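These are the residues of each chain, in order.
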Amino acid sequence: MTSGLLLKEMRDTNPLVQCITNYVAMNIAANVLLAAGASPAMVSDAEEAGEFAGIAHALTVNIGTLSAPFVEGMQAAIAGTQAAGKPWVLDPVACQATALRRRVSAELLALKPTVVRGNASEILSLAGEASRGQGVDGRDGVEIAEAAARALARQTGGVVAVTGETDFVTDGARAVRIGGGSPWMPLNTALGCSLTGLCGAYVGLGGDPFEATVAALSHYAVAGRQAHEGASGPGSFAPRFLDALQALTPGALDAGAEVTVLEVEAA
Amino acid sequence: MTSGLLLKEMRDTNPLVQCITNYVAMNIAANVLLAAGASPAMVSDAEEAGEFAGIAHALTVNIGTLSAPFVEGMQAAIAGTQAAGKPWVLDPVACQATALRRRVSAELLALKPTVVRGNASEILSLAGEASRGQGVDGRDGVEIAEAAARALARQTGGVVAVTGETDFVTDGARAVRIGGGSPWMPLNTALGCSLTGLCGAYVGLGGDPFEATVAALSHYAVAGRQAHEGASGPGSFAPRFLDALQALTPGALDAGAEVTVLEVEAA
Amino acid sequence: MTSGLLLKEMRDTNPLVQCITNYVAMNIAANVLLAAGASPAMVSDAEEAGEFAGIAHALTVNIGTLSAPFVEGMQAAIAGTQAAGKPWVLDPVACQATALRRRVSAELLALKPTVVRGNASEILSLAGEASRGQGVDGRDGVEIAEAAARALARQTGGVVAVTGETDFVTDGARAVRIGGGSPWMPLNTALGCSLTGLCGAYVGLGGDPFEATVAALSHYAVAGRQAHEGASGPGSFAPRFLDALQALTPGALDAGAEVTVLEVEAA
């Protein structure tokens, strides 16, 4: 029920989300946010990123196409966000792949993101466990990263979301699994990065980050399942998905979300 | 009638437009220009931007994703364009949002762009007036920026276009309003930035910049209105819009354009 | 027949392709590779590009949006690729347009790419012949670049592909022409750059680079011809093309490929 209320609140307030994301994702992430009801701004240069964080409702940081200027911009933006008391979301793309990514993702994790969203390979790697991921793809199933996600959430004090065929969200104590989506989604580049943006939009509303993350993932999963109908491949899926993100009503979100609440696990 | 003639000329000559635009816009802006009949080239590095400006028919400069290397490239390109006696278009994205944007947009404006195209919040800010814009979105209606646009056009000696639900174009003396488009357009990222590119294509034909800007905005507005039919959201709108930009004939442009000529206002 | 076998092998192994490509192409190139069956990674920063090349199956290098950091990343990645004994593909976008592009493309060519893929204007320029190309568009027909392509292939010891309405592929001795595609393809930006990525995926399988390049171009041309049916312009073509790239079976590729084997020409 909370997800529908949050969706209504997003449509009413159009939260401004500062997205520092990779070059592959910038366009589709902006379109996902616009379709869902938020207002994206891709502001990443260190000279203005911290200042801009003061006017945005949330920040998202994605390391997909890393470089020194990006890292400087991320640091400035996170400092600005934290000074303003706003939430931020970390997307540790392919953090297991190179020494640079391992170092930068560890540094960003130490800054205690409100939410971390990654695939199973990334979450395993962030938690210090071995992964089978190659390049930027996750090769690991979500379910084998659930314990790592709980541990990571206790470490950061925030929310951790592992996304894949079935998603898993935890804040260390509470945990849910979320079904839905479409097999065409992993064949559309940067839909994970764009979901990170949507998490930013929901946490930017200022409420409970766990419920906000569940709402973002549910919105995505229901729209993905709806867009799958009538799509004949990854190409025809994409415009249908944006249409579905836009058309989804609070009532349809609550009715369609496939959320399974798991037992609370003692820390 | 002029718009149709200009469209025919563009299709016959495929003007080469050098676009220095933001990372979000690059792909869709290129596709808009190709569909409309122009030839886009995203060349922005200072080492070659000035040289390239010598072979392009027009330049467009967009500050959406600012950084020092971009600013250096813009300056080199503008110098090359002006040395070659070619027109250029400024898109002051979110120029009200940060100190960096206020400074860079003022510096670029002082170089007297042939055309400035922005939303109402940006035009108000450039003209030194208060705006309600947040982030990169315009929150102000076009109509409240009309006086600012006239003042700005007199200051630069060029054309100023304020785009939104209804567009406004002025060269300080002449002025028109242009209707059309679709409510799905503001939910597609970077369609404003792409329209700036199309202004570049039309002014690159070498005629009157005011008529060229009216033609570009009319081409966009008619195609947007046509694409709206049958679209079920922002996602399905996008491919239809590119199809409509491509399919529009000079006759259909002249027949479909919703241009209202306003009284000439004394300076 | 080889093309179908290679397509089956790509679907079975999902080769990891490191793409250093331009900002315009990044999203669509990633989607093309995902739809076709490969795994793209846009890793270009010099700090990690060489290391990443060690885990990728192939590298592609595209000079579309050149800058000093890109060039450093390209050099690091090529060194890493060559140290690992992996193939790489060069896409010399608009190499005739500026002094920077002429210099960088010559330097990259001297590193002996496994495959060079360009339009006729680019291949003529790389081979030291005059071209009519303006900006990033090729204005020359593929057929007038066939001799230049053969000479270039003998110079590099690799494969050269000239793409356009009909494609031409040679390794200096063998040569084929490949028909198919759609007139909407040149109105979709960066489809040439994306094809370079697909060449990387096929050569990344580790077999004969000539046969791999023929397979990549055939896959593209058959999917393009299929996507043309029912498309009403460049916009509606794009999602159909991704669907067709994904849906194409090895049998349909072999049955549909329009490959004409030319006489072997003595060196």
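Residues numbered from 1 in each chain as written. Chains lettered and ligands numbered in written order. Predicted model: local features only at pLDDT ≥ 70, side-chain atom pairs only at ≥ 80, totals over all residues. Heavy atoms only, no water.

Peer 1: Outline the interface of chain C and chain B, supporting the account with residue identities and numerical values.
Peer 2: On the chain B side, the residues contacting the 29 residues of chain C number 25 residues. With both chains or domains summed, chain C and chain B bury close to 2100 Å², and 55% of this area falls on carbon and sulfur atoms. Our count for the contact surface shared by chain C and chain B stands at three salt bridges. As a salt-bridge pair, R102 of chain C and E51 of chain B come within 3.9 Å of each other at their nearest N and O atoms. (Contact = heavy atoms within 4.5 Å. Buried area = accessible area lost by both parts, 1.4 Å probe. Salt bridge = Lys/Arg side-chain N within 4 Å of Asp/Glu carboxyl O.)

Peer 1: Run through the interface of chain B and chain A, naming residues and quoting values.
Peer 2: With 29 residues of chain B at the contact, the number on the chain A side is 25 residues. If you look at where chain B meets chain A, you find three salt bridges. The tally of links from chain B across to chain A stands at nine residue pairs in polar contact (both at pLDDT 80 or more). Breaking the side of chain B that touches chain A down by element, the ones donating at least two residues are α5 (99-109) and α10 (234-247) of chain B. The leading source of residues in the side of chain B that touches chain A is α5 of chain B, at five residues. Taken together, the residues of the side of chain B that touches chain A break down into twelve nonpolar, twelve polar and five charged. (Polar contact = N/O pair within 3.5 Å; in protein donor to acceptor, adjacent residues only side chain to side chain. Helix = DSSP H or I, 4+ residues; strand = E, 2+ residues; numbered from the N terminus. Nonpolar A, V, L, I, M, F, W, Y, C, P; charged D, E, K, R; others polar.)

Peer 1: Describe the nonpolar core, with residues and values.
Peer 2: Core analysis: the largest hydrophobic core is formed by 297 residues, its most contacted members being L198 and Y202 of chain A, L198 and Y202 of chain B together with L198 and Y202 of chain C. Excluding residues that lie within four positions of it along the chain, L198 of chain A makes contacts with M10, L33, A36, A216, H219 and Y220 of chain A. (Core = buried A, V, L, I, M, F, W, Y, C linked by side-chain atoms within 4.5 Å. Buried < 20%, exposed > 50% of the residue type's maximum accessible area, 1.4 Å probe, protein only.)

Peer 1: Quick rundown of the packing of helix α9 (residues 209-228) of chain A against helix α10 (residues 234-247) of chain A? Include the residues and the values.
Peer 2: All names here are of chain A. Taken N-terminus to C-terminus, the directions of α9 and α10 make an angle of 130°; their axes are 8 Å apart at the nearest point. By the criterion of interaxial angle, the relationship of α9 to α10 is oblique. Handedness of the α9/α10 crossing: right-handed. Across from H219, Y220, A223, G224, Q226, A227 and H228 in α9, the residues of α10 making contact are F237, R240, F241, A244 and L245. (Axes fitted to C-alpha atoms, helices over the stretch in contact; angles between N-to-C directions. Parallel < 35°, antiparallel > 145°, perpendicular 65-115°, else oblique. Left-handed = near helix turned anticlockwise from the far one by under 90°.)

Peer 1: Go over the confidence of the model for chain A with me, naming the residues and quoting the values.
Peer 2: Residues with a pLDDT of 70 or more make up 95% of chain A, whose mean pLDDT is 95. This complex was scored by the predictor with a pTM of 0.97 and an ipTM of 0.96. (pLDDT = per-residue confidence, 0-100.)

Peer 1: Could you give an account of the relation of the copies chain C and chain B, with specific residues and numbers?
Peer 2: Between the two copies, chain C and chain B, the superposition gives an RMSD of 0.0 Å; the rotation angle is 120° and the shift along the axis is 0.0 Å. The transformation relating the two chain copies, once decomposed into turn and shift, fits a three-fold axis. No C-alpha of chain C approaches the rotation axis more nearly than that of Y23 of chain C, which lies at 3.8 Å. Of the interface residues in chain C, just 3% have counterparts in chain B that sit at the interface too, so the contact is made through distinct surfaces. (Least-squares fit on C-alpha atoms with pLDDT ≥ 70 in both.)

Peer 1: Summarise helix α1 (residues 2-13) of chain A; cite the residues concerned and give the values.
Peer 2: Residue and element names in this part refer to chain A. Between the first and last C-alpha of α1 there are 16 Å, a value that for twelve residues agrees with the 16 Å anticipated at 1.5 Å per step. In this structure, the buried side of α1 is in contact with α2 (26-36), α8 (191-203), α9 and α11 (250-256). Where α1 ends, the next residue or the one after it, N14, has phi of about 45°, a positive value. (Expected span 1.5 Å × (residues − 1).)

Peer 1: An account of the relation of the copies chain B and chain A is requested, with residue identities and associated values reported.
Peer 2: Between chain B and chain A, the superposition needs a rotation of 120° and an axial shift of 0.0 Å, giving an RMSD of 0.0 Å. When the interface residues of chain B are mapped onto chain A, a mere 3% of them are again interface residues, pointing to distinct binding faces.

Peer 1: How would you explain the sheet that holds strand β1 (residues 16-20) of chain A if you had to name every residue and give the values?
Peer 2: The pairing of strands in a sheet comes from backbone hydrogen bonds and takes either a parallel or an antiparallel form. Residues and elements named next belong to chain A. Ordered by their spatial adjacency, nine strands build an open sheet running β2-β1-β3-β4-β5-β6-β7-β8-β9, and the pairing between neighbours is mixed. Two strands lie at the open edges of the sheet, namely β2 (39-41) and β9 (258-261), each paired on one side alone. Neighbour to neighbour, the strand axes of the sheet diverge by 20° on average, direction disregarded. Examined bridge by bridge, β1 and β2 share three bridges and lie parallel to one another. The partner of L16 across the bridge, within β2, is S39. Its contacts with the sheet put helix α5 (residues 99-109) on β3 (58-62), β4 (88-91) and β5 (115-118), and the angle it makes with β4 is roughly 160°. Here helix α7 (residues 146-156) sits on the sheet and contacts β6 (159-162), β7 (167-170) and β8 (175-179); the angle it forms with β7, its principal contact strand, is near 30°. (Pairing = 2+ DSSP bridges.)

Peer 1: Now, about the pattern of salt bridges: what can you tell me, with residues and values included?
Peer 2: Counting across every chain of the model gives 30 salt bridges over all chains. Overlapping salt bridges bring together E47 of chain A together with R103 and E107 of chain B as one network.

Peer 1: Talk me through the packing of aromatic side chains; I want residue IDs and the actual numbers.
Peer 2: All names here are of chain B. For the coordinates displayed, the defined rule picks out twelve aromatic pairs over all chains. With a centroid separation of 5.3 Å and an interplanar angle of 55°, the aromatic rings of Y23 and F70 are classed as tilted. Of this pair, Y23 sits in the loop between β1 (16-20) and α2 (26-36) while F70 sits in helix α4 (residues 68-83), placing them 47 residues apart in sequence. The class of Y23 is buried, set by a relative accessible area of 16%. (Phe/Tyr/Trp six-rings, centres within 6.5 Å; stacked < 30°, edge-to-face > 60°.)

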